Amino acid sequence: MSQVSSMENTAESTVFAASKLTQSALTLAERLARPELLDLVPYQSARRLGGQGDIWINANESPFNNVDTAALDLSKLNRYPECQPPALINAYSEYSGVSASKIVASRGADEAIELLIRAFCIPGVDSIACFGPTYGMYAISANTFNVGVKALNLSAEYGLPANYAEDVRGAKLVFICNPNNPTGTVIDKAIIEQAINALPDALVVIDEAYIEFCPEYSVADLLESYPNLVVLRTLSKAFALAGARCGFMLANEAVVEIIMRVIAPYPVPLPVSEVATQALSSAGVARMKNQVRELNQQGKRLAAALNLYCEQWGGYVLKPNGNYVLAEFDDVTKVAALLQGSGVVARAYKDPRLAKAIRFSFSSEADTDRLVALFESQRVE
């Protein structure tokens, strides 16, 4: 045997031995798992991140609890529910102005994101596109199914970037969060419509989780005109039902038909359907609109206090269009310590563009009073 062959065999043996050693260090679950999942970082939800305090404004939840539990009909909990409860679908149709045939109810809008990826993207072949900084579940859901992600940056003003249509070409799903989470910025309806027209071979998915706080930006009324438009909605925010996990996908009937092939048999539990239908009653919708007005008022107070702080200590506050406001601070470490020491749990980010930013959810008048007083206490005359 030549010296070269001997060296090659030795190298191969070393690699094989190292591979065996690596494999033996893995748990059975890790050895059986799809390899790409071993490096996947799960979405860091507010509950996973945790925190300590008595003012929780890190998850864009509503401070209101509206459910009339005595009015719920739970007499059929021994039976499986309808896949798409007619009363719920019809109630959302009445509220949204979208035909019932174009509506799919899901376990929050998060499930709708996954359903779209599962139904339309081939693992290891296809890709989605999204524009950041934005909601992390678009990319994480794609990664979970081994679907590629074309992650583009929003412009300096948090609009769609130049040449986006060319840059996302080939992606089957293009996600646009409007209002955008976490920045709270909005993209004009006319520009969204231009994007739908510019991407006729992709499904353009507009996430309107916060649209009740700026309904004039909704594109749900364009569904009749564009077969490639999908709109995502939720009852978690303005309707104060984050704990119920009820969302909706609004889309052309052909898209709905494909989604119904992959959806779980019973995606809407009976109690969730009852609670959601109650919230979508005429009285429930009227209450939601009143609470949105109240939250927007408290948000204005909070944004004003943040602006005054930033004027003195450096930073800026983005104009809010959801139930939250994002502020960037020159000394974000100081602000984070101030909040923590005062029992306030807000949301910070690892995204490089948001390294100095903190997001504050709108809350009750009492919580807002404390937050305003906290930032005013830092003023130096």
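Quick summary incoming for the structure in this document. Being a predicted model, the structure only gives us computed values, none of them experimental.

## A closer look at the overall build of the protein chain
For the protein chain, the helix and strand inventory stands at 13 helices and 13 strands. In the protein chain, which comprises 381 residues, the share counted as buried stands at 47%. Taking the intrachain contacts of the protein chain between residues at least 6 apart in sequence as the baseline, contacts between residues at least 24 apart amount to 72%. Accessible surface computed for the protein chain: about 18600 Å², of which carbon and sulfur atoms make up 53%. Side-chain charges in the protein chain split into 32 positive and 41 negative, and the spacing between the mean points of these groups amounts to 3 Å.

## Things to note about the pattern of salt bridges
Applying the stated rule across the entire model yields twelve salt bridges. Between Lys 102 and Glu 224 there is a salt bridge, and its shortest N-O distance comes to 3.4 Å. Of this pair, Lys 102 sits in the loop between α4 (86–96) and β2 (103–106) while Glu 224 sits in the loop between β6 (203–207) and β7 (229–234); the two residues are 122 residues apart in sequence, bridging distant segments of the chain. A single network of salt bridges, built from pairs that share partners, joins Lys 102, Glu 224 and Glu 253.

## Details of α4
Those residues of α4 that sit buried are Leu 88, Ile 89, Ala 91, Tyr 92, Ser 93 and Ser 96. Summarising the contacts, the buried residues of α4 are in contact with β2, β7, β8 (247–251) and α10 (270–279). The positive-phi residue at the C-terminal boundary of α4 is Gly 97, with phi of around 75 degrees.

## What to know about the packing of aromatic side chains
Overall, the coordinates contain 14 aromatic pairs when judged by the stated rule. Seen from their ring centres, Phe 329 and Phe 375 are 6.4 Å apart, and the 5 degrees between their planes marks the pair as stacked. You can see Phe 329 sitting in strand β10 (residues 324–329) and its partner Phe 375 sitting in helix α13 (residues 365–376), a full 46 residues away along the chain. Joined through ring pairs, the aromatic side chains of Tyr 309, Trp 313, Phe 329, Phe 360 and Phe 375 make up one cluster. We note Lys 334 situated over the ring of Trp 313; from NZ or CZ to the ring centre the distance is 3.7 Å.

## Thoughts on the nonpolar core
For soluble globular proteins, the rule of thumb is that nonpolar side chains tend to be buried together. Residues Phe 248, Phe 329 and Phe 360 are the most contacted members of the largest nonpolar core, which totals 84 residues. It is helix α11 (residues 282–313) that contributes the most residues to this core, nine residues altogether. In contact with Phe 329, not counting residues within four places along its chain, are Leu 306, Tyr 309, Cys 310, Gly 314, Gly 315, Val 335, Lys 356, Ile 358, Phe 360 and Phe 375. One finds Phe 120, Val 230, Ala 251 and Ile 263 within the second-largest nonpolar core, a separate group that totals 30 residues.

## Some details on unusual backbone geometry
Following Gly 132, the chain continues into Pro 133 via a peptide bond in cis, with omega recorded as 5 degrees. If you trace the backbone, Pro 133 turns up in the loop between β3 (127–132) and α6 (137–144). At the junction of Asn 178 and Pro 179, the peptide bond is cis and its omega measures out at 0 degrees in the coordinates. Mapping Pro 179 onto the fold places it in the loop between β5 (173–177) and α8 (189–198). For Asn 60, which is not a glycine, the phi torsion comes out positive at approximately 55 degrees. On the secondary structure map, Asn 60 appears in the loop between β1 (55–56) and α4.

Parameters at a glance
- Residues numbered from 1 in each chain as written.
- Predicted model: local features only at pLDDT ≥ 70, side-chain atom pairs only at ≥ 80, totals over all residues.
- Heavy atoms only, no water.
- Helix = DSSP H or I, 4+ residues; strand = E, 2+ residues; numbered from the N terminus.
- Buried < 20%, exposed > 50% of the residue type's maximum accessible area, 1.4 Å probe, protein only.
- Contact = heavy atoms within 4.5 Å.
- Areas by Shrake-Rupley, 256 points an atom, 1.4 Å probe, with all protein chains shown as cover.
- Lys, Arg positive; Asp, Glu negative; His and termini not counted.
- Charge placed at Lys NZ, Arg CZ, Asp CG, Glu CD.
- Salt bridge = Lys/Arg side-chain N within 4 Å of Asp/Glu carboxyl O.
- Phe/Tyr/Trp six-rings, centres within 6.5 Å; stacked < 30°, edge-to-face > 60°.
- Lys NZ or Arg CZ within 6 Å of the ring centre and 35° of its normal.
- Core = buried A, V, L, I, M, F, W, Y, C linked by side-chain atoms within 4.5 Å.

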